[in-house]
Amino acid sequence: MQIDIITVVPDLLQSPFQHSIMKRAADKGLLQVNVINLRNYGLGNYKQVDDYAFGGEAGMVMMIEPIAACINDLKAQRNYDEVIFLTPDGNTFNQKMANQLSLKENLIVLCGHYKGIDERLRQHFVTMEISIGDYVLSGGELAAAVVVDAIGRLIPGVLNDESSALMDSFQDDLLSHPVYTRPADYNGWKVPAELLSGNPKIIQQWKEEQSLKRTEERRPDLLQ
Ligand code: ADE
């Protein structure tokens, strides 16, 4: 998969994809993330990418020409499955969306900044609008990092143990069960006996019960 992220703050996206699972995805050739500096498409000597809002509102709006030129440039090189815009008024991101997006070939991810982007971009270029939650970030970059990370780890072959993504919280609308490692007894705080039983059936049943219990306690809305 190739993901091209369009941003005015490329520095914000330098590190997130260079470590851990995202790095492994890149090393295996399964995910290529390109960060594109929108400033390169800016207008005039000052490489302008934003301008005052029509109607006299406070705050700057990202202009249509630089973003349109950048997207058209990318589209001339390959076909894209989606042009995703990160915005607090988008559809709230969830695991199901991550699953679906992890099966795509090429994605463009557009990070908003300032007051937003010219609405005509949303009408004519953007195919999917995603919010990562009901709060406002200063730009779409951190949201893009969240979305790309969630998608990237689901790309087939990225995780070593294929089953581990299947056991994630939310993967089947349940939260994950608690996990433990050594020592089995720390100051008298013991690991549940079921996990130490060595009996796969007992272990599996414990995990399912705990998963359900945790979901009932913390996120009963998922069970509806
Ligand atoms: N840009 C600013 N806030 C955002 C949010 N909550 N989700 C996605 N993009 C954003």
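Everything discussed here concerns the structure shown above.
Summarised in this report is the structure supplied together with it.

The rules behind each value
- Residues numbered from 1 in each chain as written.
- Predicted model: local features only at pLDDT ≥ 70, side-chain atom pairs only at ≥ 80, totals over all residues.
- Heavy atoms only, no water.
- Core = buried A, V, L, I, M, F, W, Y, C linked by side-chain atoms within 4.5 Å.
- Buried < 20%, exposed > 50% of the residue type's maximum accessible area, 1.4 Å probe, protein only.
- Helix = DSSP H or I, 4+ residues; strand = E, 2+ residues; numbered from the N terminus.
- Contact = heavy atoms within 4.5 Å.
- Polar contact = N/O pair within 3.5 Å; in protein donor to acceptor, adjacent residues only side chain to side chain.
- Phe/Tyr/Trp six-rings, centres within 6.5 Å; stacked < 30°, edge-to-face > 60°.
- Pairing = 2+ DSSP bridges.
- Axes fitted to C-alpha atoms, helices over the stretch in contact; angles between N-to-C directions.
- Salt bridge = Lys/Arg side-chain N within 4 Å of Asp/Glu carboxyl O.
- Right-handed = clockwise from strand over helix to strand, strands pointing away.

Remarks on the nonpolar core
Argument step 1. With 31 residues, the main nonpolar core has I3, I5, F93, L101 and I130 as its most contacted residues.
Argument step 2. In terms of residue count, helix α5 (residues 141-152) provides more of this core than any other element does, seven residues in total.
Argument step 3. Setting aside residues no more than four positions away along its own chain, I5 makes contact with L13, F17, V33, N34, V35, I36, V109, C111, A144 and V148.
Argument step 4. Counting 20 residues, the second-largest nonpolar core is a separate cluster that includes I36, A68, L110 and I117.

Some thoughts on the side chain of N106
Argument step 1. Within the element layout of this structure, N106 appears in strand β6 (residues 106-111).
Argument step 2. Overall, the relative accessible area of 14% leaves N106 in the buried class.
Argument step 3. Side-chain polar atoms of N106 contact the backbone oxygen of N79, separated by 2.9 Å.

A closer look at the packing of aromatic side chains
Argument step 1. The full count for this structure, using the stated rule, is one aromatic pair.
Argument step 2. Taken together, a centroid distance of 5.6 Å and an interplanar angle of 50 degrees make the contact between Y186 and W189 tilted.
Argument step 3. On the accessibility criterion, Y186 (47% relative accessible area) is partly exposed.
Argument step 4. For W189, a relative accessible area of 62% gives the class exposed.

Quick notes on the sheet that holds strand β8 (residues 128-131)
Argument step 1. Taken together, five strands build an open sheet; the order of strands is β2-β1-β6-β5-β8 and the sheet is parallel. Edge strands, defined here as strands with exactly one partner in the open sheet, are β2 (32-37) and β8. Neighbouring strand axes in the sheet, compared pairwise and without regard to direction, differ in orientation by 30 degrees on average.
Argument step 2. As paired elements, strand β5 (residues 82-92) and β6 share five bridges and run parallel to each other. Residue pairing across strands places V83 opposite I108, the latter belonging to β6.
Argument step 3. Where helix α2 (residues 64-77) meets the sheet, it contacts β1 (2-7), β2, β5 and β6, and its direction lies at approximately 165 degrees from that of β1.

Focus: the pattern of salt bridges
Argument step 1. One pass over the full model with this rule turns up ten salt bridges.
Argument step 2. A salt bridge links R122 to D89; the shortest N-O distance between them is 2.8 Å. Highlighted residues: R122 in helix α4 (residues 119-124) and D89 in strand β5, separated in sequence by 33 residues.
Argument step 3. A salt bridge links E217 to K213, with the nearest nitrogen and oxygen atoms 3.6 Å apart. With E217 and K213 both in helix α8 (residues 200-218) and four residues apart, this pair spans about one turn of that helix.
Argument step 4. Through salt bridges with shared partners, a single network forms among D89, R122 and E129.

A short note on the pairing of β1
Argument step 1. Within β1, six of the six residues are buried, leaving the element largely enclosed by the surrounding structure.
Argument step 2. With burial as the criterion, each face of β1 is covered, one bearing Q2, D4 and I6 and the other bearing I3, I5 and T7.
Argument step 3. Note: β1 against β2, six bridges, orientation parallel. Pairing of T7 across the sheet is with N37, part of β2.
Argument step 4. Running through helix α1 (residues 20-27), the crossover from β1 to the neighbouring parallel element β2 is right-handed.
Argument step 5. Across five bridges, β1 lies against β6 in parallel orientation. In the sheet register, I6 faces β6, and the bridge partner there is L110.

In short, the description is geometric, and any link to function would need to be established separately.
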